[in-house]
Amino acid sequence: MKRKVGLQYKLERAGWLFLAPALVILGLVGLYPLAQTFIVSLTDARMASGEPGRFVGLRNYGDLFQLKPFWLAVRTTVLFTAVSVTIELILGIAIALILQSGLRARGFLRAAILVPWALPTVVSARMWNYMLVDTYGVVNDILVTRLHLLPEKVAWLAEPGLALMAVVAVDVWKTTPFVVLLILAGLQLIPRQTYEAAEVDGASWWQQFRSITLPMLTPTILVVVIFRTLDALRVFDAVWVLTRGQLGTETMATYTYRQMVDFRKIGFGSAASVTIFALIAAFVVVYLLAARSATGGDDQQ
Amino acid sequence: MAKIVHRHSKQYANGQWRPACAAFLLLSICILLTGCRGRDSAGDAITIILDPGANSFAVDQQLAREFERETGHAVRLLKAPASSTERLSQYLQYLGAESPDVDVYQVDVIWPATLENHLADLSESFTTETAAFLPALIANNTINGKLLAIPWYVDVPLLYYRDDLLRKYGFQEPPATWDELTTMAAAVQRGERMAGQAALWGFVWQGMAYEGLTCNALEWQVSEGGGRIVAEEGAIEVNTPGARRAFTRAAGWVGSISPPGVTTYAEEECRQMFQSGNAVFMRNWPYAYSLVNGNESPVAGKVRTASLPAGSAGRAAVLGGWQLAVSRYSKNPAAATELVRYMTSRHGQKQEALGASRLPTRLALYDDPDIASEFPFIPTMRHTLDNAVARPSKVVGVDYNEVSTYYYQAVHEILTGQNSADEALSNLDALLRKVLDQ
Amino acid sequence: MILRRILYLLALLLMVVYALFPFYWALSGSLQPSEKLFAIPADYFPWPATLESYRQIFADEVFLKGLRNSVIVAGSVTLLALATGSLAACALARFRMRGARIVLGLILAMTMFPQIAVLGAVHAIISFLGLYNSLAGLILSYMLFTLPLTVWVLTGFFQSLPRELEESAYVDGAGPFQTFWRILLPLASPGLAATGLLTFIAAWNEYLFALSLTITPEARTVPVVIANFSGATVHETPWGAIMAACIVVTVPLVILVMVFQKRIVEGLTAGAVKG
């Protein structure tokens, strides 16, 4: 008993030591900026106006809650996230499974799949912009002129419904590799003997997938989903380059960017950011609670 | 399981320490070294931040070297981001930090009011000389009695058209009104498509939701007598019959004589369409002239330019262009002002015109024979310039970006069919009243 | 059986085309003059090809410096994130610490703010530390979005390892760090490789912070340099140069992936087979 307590004490002490570097770095680079954003949100500061902002209390928040465009942006972002992450998850798992099975060109294929993630977003978003142009864009060229899959050229980024679809498609293209990579790593945690035993028992591929792969992949999936969701809720680059937030594609991040950078209203923009943070945090708490009960109240998380 | 794992880990345990320690050491050294990299200081040189375009930067460098030789002041040239919004952001980074690192800024025509607190008053240094420049620009740059920037080069839009196609269908002259343009474009487009040119469209213009759309829309609006968004005294002029007429007509072009995707086009998309021979009319800035008539252009020699067509209240073209301003935080304002004087002098502007297709802001240069031979559209230019419409940046001041954004968003909604002109403009009117506290 | 094989290969082909087409388009664009890219109908084969764009970018000192800076920044960020992240993950997952969940939650909270919001304040603190316009400043600020992911993924990996692992080590008298270094870390190598790769790529391609925290070519990284490529006039986008730069910048990443993908995929299973 005494030895166990001593060990636990040693572990706890070592634990805080281990945590220290990460906490120090994040405290410096993370906590201070977040606190700063809170404080600025209580003023009407404008960027580089030559005058400091005046304290206005919660007025920015009051204005924000009444602004329909902001809440429309919130709704659009949530819709975008739900659709995007679902597609990426399904596609990602499928691709990871395909890549895992024995193929000679394995290395090349895995590298090929990663290319969308590896291309700088700044450039790939602009490339997609050009590929989606209705008159000389490649997408229309292939779908309409070469393969005759569509009757006439579509202005993907100029129609209200289609614009959001196009943005989702580009985002899925770009971030599925992220999912694939993490799922691939997660698949390695499943020992091969489990599959071999199941084969001996005569289980089909689908049965194996449902009773071995999926459950053992669940922890990885949970991490992937939460990070993809957090990223999707803050999506900016693709939307800004493709549509500038027009035609029903305004997201929380483009709204905030416009307020803070274009209009230079950093006081109001900070209030929007804090609100977005609160919304995301609320979602995460709900998600983590649901995830905990899904994994049977495991004592780990 | 534990046995396998244990054996596996033993394989790693040996010889892992040393390479790892080396990596950590290397990493720390790297970080320490890189931390020492700081801003390279300019010393005594005057720093000027400019357009990054290769052609113009070369001319700027040449002028800077001449200035160095004549005055002995060293000049350092910096390239600004190509995009206007990014450029303004970068300027604000410097100016907000009251940085002495940059002395002279190349400033867009819509920025003097917004940068008022950061720019030096040049009226003492340029007393009588201001008469040599285009009056509209001097007025634009004078905020609260202070001359904040000297006009450097001007940009007004042109109507580019395929002279060969127009003549083929019996039109000898370019269109004088927007309605004429609509008819001409439709006729040529119909005819050419029946002849097999399936990809041809009648008219391309900047319909994307950005500042360029504000320019196009303001032109349509003013040509119909619909007001100027915000008038000189501050009255909001958007929900007017003229504006409604203008935008409804433009919305009619989308899908008929302009491709449906025109609402996603900026300057380059239009130029690409026109230059590859797939458009009859194009509204664009003068920069495109040398490109569409250049060696690699499929339509070289077939292109002519004209003023933008008129609406029921006459012709209108938006005033664009760039100015040079001196920072209030400069350590060497006298020398910086001299640099501005040199770059905007007759010699400087002529070099920029001949070498970088930048139209001058000095009235005298519009009679210069060299410039006239280089730019055949110079004669029409002078008339257009005298009647150019300024965007309401001076009236609205710091709120200009917000006003412009709501304006082009409203117009964009009309063009994409999301809203009728009536509804969009009355919403816009209410929104602008809120922004401008009316 | 054959049908299944065909469907499988078809799915594979579709996958590869979907992922690689824009890359192919960039390659094709880098080998021909930009005007050809916008012809109607589109021209898919860059013939005759020209290396002019590549010549242009390699003659550009700013681009070369950008490459150097990106390598330093991305490499350092990855090593730093893996080092601090794995230590933190080990503590949170294996040392039965009180408040582990709260710490994990706080770390996750870092990724809940829109980047643009944090930008101003990060700018302020980096300036305060005297690290403005330096690579160290970038490396430090990139920790904000790379460390949380690293900690979370590695915590997950460590947690899935069997409990008994360290027990025998502790019985033998090993300390916490030795256990971490010799036993836990090697077993989490698929996770390390995966997050390492993702972190490297994220840091390599990051744009917003790099744009705001650096000003001169001495400290600028490659995405900002590429985005600032300008053509003959300010309106033109020099597609040839941009595409060439993209290819140059992506190919090393692809090679990196090919080298590390084995590590990602052959963790425990390799050990099992060998044993």
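Residues numbered from 1 in each chain as written. Chains lettered and ligands numbered in written order. Predicted model: local features only at pLDDT ≥ 70, side-chain atom pairs only at ≥ 80, totals over all residues. Heavy atoms only, no water.

Caption draft 1: Fine view of the sheet that holds strand E2 (residues 75-79) of chain B. Residue and element names in this part refer to chain B. Strand order in the open sheet formed by 6 strands is E2-E1-E3-E15-E6-E16, with mixed pairing between adjacent strands. The sheet is open, and its two borders are formed by E2 and strand E16 (359-360), each paired with just one other strand. Contacts from helix H3 (residues 54-71) reach strand E1 (46-50), E2 and strand E6 (150-155) within the one sheet, and its direction differs from that of E2 by about 165°. (Pairing = 2+ DSSP bridges. Helix = DSSP H or I, 4+ residues; strand = E, 2+ residues; numbered from the N terminus. Contact = heavy atoms within 4.5 Å. Axes fitted to C-alpha atoms, helices over the stretch in contact; angles between N-to-C directions.)

Caption draft 2: Just the packing of helix H7 (residues 160-187) of chain A against helix H9 (residues 189-205) of chain C, in detail. The contact between H7 of chain A and H9 of chain C brings their axes to 9 Å, and the two run at 165°. If you check the angle between H7 of chain A and H9 of chain C, you find them roughly antiparallel. At the point where H7 of chain A passes H9 of chain C, the crossing takes the right-handed sense. Taking contact as the criterion, the partners of Phe178, Leu181, Leu182 and Ala185 of chain A in H7 of chain A are, on H9 of chain C, Pro190, Ala194, Leu197 and Leu198 of chain C. (Parallel < 35°, antiparallel > 145°, perpendicular 65-115°, else oblique. Left-handed = near helix turned anticlockwise from the far one by under 90°.)

Caption draft 3: Geometry of the interface of chain A and chain B. With 27 residues of chain A at the contact, the number on the chain B side is 34 residues. It is Gln246, Phe263 and Arg264 of chain A that lose the most area in chain A upon contact with chain B, and together they represent 22% of the buried surface on that side. Measuring nitrogen to oxygen at the nearest pair gives 3.0 Å for the salt bridge that ties Lys265 of chain A to Glu402 of chain B. Across the contact surface, chain A and chain B share 10 residue pairs in polar contact (both at pLDDT 80 or more). Here the side of chain A that touches chain B takes 4 residues from helix H11 (residues 252-262) of chain A, the largest share from any one element. Per-class residue counts for the side of chain A that touches chain B are 12 nonpolar, 7 polar and 8 charged. (Buried area = accessible area lost by both parts, 1.4 Å probe. Salt bridge = Lys/Arg side-chain N within 4 Å of Asp/Glu carboxyl O. Polar contact = N/O pair within 3.5 Å; in protein donor to acceptor, adjacent residues only side chain to side chain. Nonpolar A, V, L, I, M, F, W, Y, C, P; charged D, E, K, R; others polar.)

Caption draft 4: View of the environment of Ala203 of chain C. Residue and element names in this part refer to chain C. Relative to the helices and strands, Ala203 is located in helix H9. Linking Ala203 and Thr146, residues 57 residues apart in sequence, is a C-alpha distance of 8.0 Å. Apart from residues lying up to four places away in sequence, Ala203 is in contact with Ala74, Val77 and Tyr142.

Caption draft 5: How the structure looks around the packing of aromatic side chains. Going through the model one piece at a time under the given rule, you end up with 43 aromatic pairs over all chains. When the ring of Phe236 of chain A is compared with that of Trp240 of chain A, the centres are 5.5 Å apart and the planes differ by 20°; the resulting orientation is stacked. Ring geometry for Trp178 of chain B versus Trp253 of chain B: centroids 5.6 Å apart, planes at 45°, classification tilted. Of this pair, Trp178 of chain B sits in helix H7 (residues 178-194) while Trp253 of chain B is found in helix H9 (residues 241-253), placing the two residues 75 residues apart along the sequence. (Phe/Tyr/Trp six-rings, centres within 6.5 Å; stacked < 30°, edge-to-face > 60°.)

Caption draft 6: Summary view of the nonpolar core. Membership of the largest hydrophobic core comes to 347 residues, with the highest contact counts inside it found for Trp220, Phe247 and Phe281 of chain B together with Phe63 and Phe158 of chain C. Once you skip the residues sitting within four places of it in the chain, Phe158 of chain C turns out to touch Ser86, Ala89, Cys90, Ala93, Arg94, Phe180, Leu184, Leu185 and Ala188 of chain C. (Core = buried A, V, L, I, M, F, W, Y, C linked by side-chain atoms within 4.5 Å. Buried < 20%, exposed > 50% of the residue type's maximum accessible area, 1.4 Å probe, protein only.)

Caption draft 7: Region of interest: helix H3 (residues 61-94) of chain C. Residue and element names in this part refer to chain C. Given a rise of 1.5 Å per residue, 34 residues ought to cover 50 Å, and the 49 Å separating the end C-alpha atoms of H3 matches this to within 8%. Where burial is concerned, most of H3 is hidden: 25 out of the 34 residues are buried. The N-cap residue of H3 is Asp60: its side-chain oxygen and the backbone nitrogen of Val62 are 3.1 Å apart. Directly after H3, the chain includes Arg96, whose backbone phi takes a positive value near 50°. (Expected span 1.5 Å × (residues − 1).)

Caption draft 8: The arrangement of unusual backbone geometry in detail. Residue and element names in this part refer to chain A. In this structure, His148 takes a positive phi of about 55° despite not being glycine. As for its placement among the helices and strands, His148 is situated in the loop between helix H6 (138-146) and H7. One non-glycine residue, Arg264, adopts positive backbone phi at about 60°. Along the chain, Arg264 falls in the loop between H11 and helix H12 (266-294). Classification of Arg264 by relative accessible area gives buried; the value is 4%.

Caption draft 9: Spotlight on the sheet that holds strand E8 (residues 201-204) of chain B. Residues and elements named next belong to chain B. In spatial order, the strands read E8-E11-E7-E12; together these 4 strands make up an open sheet with mixed pairing. Unpaired on one side and paired on the other, E8 and strand E12 (303-306) mark the two borders of the sheet. Each strand of the sheet is rotated relative to its neighbour by a mean of 15°, with strand direction disregarded. Relative to strand E11 (residues 279-284), E8 is paired through 3 bridges, and the arrangement is parallel. For Val204, the partnering residue across the bridge sits in E11 and is Met282. Contacts between H7 and the sheet are confined to strand E7 (158-162), E8 and E11, with E8 contributing the most and set at about 140° to the helix.

From the geometry alone we can't say anything about function, so treat these as descriptive.
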